[in-house]
Structure formats: structure tokens, C-alpha cells
Amino acid sequence: AMLQSSSSVGDDMKQPAMPEAHEKATGAGSSIIGILEVVESDFAKSLATEETTEDDAAAEYEKISQENKVTKTLKEQDVKYKTAEAKSLDKA
């Protein structure tokens, strides 16, 4: 650090004098905390909405999958019985 009392250094190279009074900044921290609380609230709301949507989609998927299994089984049985009927008609 440069010394302020050095006479060999020009005035433009000296450090500025210490301020006489320094006041603590107020309110800045509370506004930042307020913003963070709003962001957290928004995030929690969005997360809850997305989780609900995802759960609904998963339930719908399971329902459709079960319906597809039933439909597949019915169609396989239809093929089995129609094949057997066709063979019996061919023999007759």
C-alpha cells in the first residue's frame, strides 16, 4: 500500500482519506431475502403442479396399458377360436 505521508509521491498517487462517517446499509438484505422467498414460493408451486401432472399422466398410462392388455388378450382368444372353427369346418 502506498503511504499518504510520502512527500516524494505526487498528489495524484496518494490514497484517498478515510471517510469521516460510514453508515450501515439497511434494507438491502431484507429485499434480497424477500426476492428469494418469492422465488422459493414460485418454485414450490411449480414443482407441486408438475408432480401432480406427472402423477396424472402415469395413472393414465397405467390405465391405457391395462386396457391394451385386455384388448390384446381378447383378440388373441378370437384368433384362437376362429382358427379352431376354421379347422373344424375344413374337416367337415
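Asker: I'm lost on the overall build of the chain in this one. Help?
Answerer: Secondary structure summary: the chain contains one helix and zero strands in total. When the 92 residues of the chain are sorted by exposure, 2% land in the buried category.

Asker: I tried to follow a negative patch on the surface on my own but got confused; where do I start?
Answerer: On the surface, E50, E51, E54, D55 and D56 cluster together into a negatively charged patch. In this fold, E54 is placed in helix α1 (residues 28-91). Take E54: its relative accessible area is 57%, and that puts it in the exposed class.

Asker: What is the right way to read the environment of T83 from this model?
Answerer: Residue placement: T83 occurs in helix α1. One polar contact links the side chain of T83 to the main-chain carbonyl oxygen of V79, over a distance of 2.6 Å.

Cut-offs and rules
- Residues numbered from 1 in each chain as written.
- Predicted model: local features only at pLDDT ≥ 70, side-chain atom pairs only at ≥ 80, totals over all residues.
- Heavy atoms only, no water.
- Helix = DSSP H or I, 4+ residues; strand = E, 2+ residues; numbered from the N terminus.
- Buried < 20%, exposed > 50% of the residue type's maximum accessible area, 1.4 Å probe, protein only.
- Patch = residues over 30% accessible without salt bridge, like charges linked within 9 Å, V, L, I, M, F, W, Y side chains within 5 Å.
- Areas by Shrake-Rupley, 256 points an atom, 1.4 Å probe, with all protein chains shown as cover.
- Salt bridge = Lys/Arg side-chain N within 4 Å of Asp/Glu carboxyl O.
- Lys, Arg positive; Asp, Glu negative; His and termini not counted.
- Charge placed at Lys NZ, Arg CZ, Asp CG, Glu CD.
- Polar contact = N/O pair within 3.5 Å; in protein donor to acceptor, adjacent residues only side chain to side chain.

These values are about where atoms sit, not about what they do.
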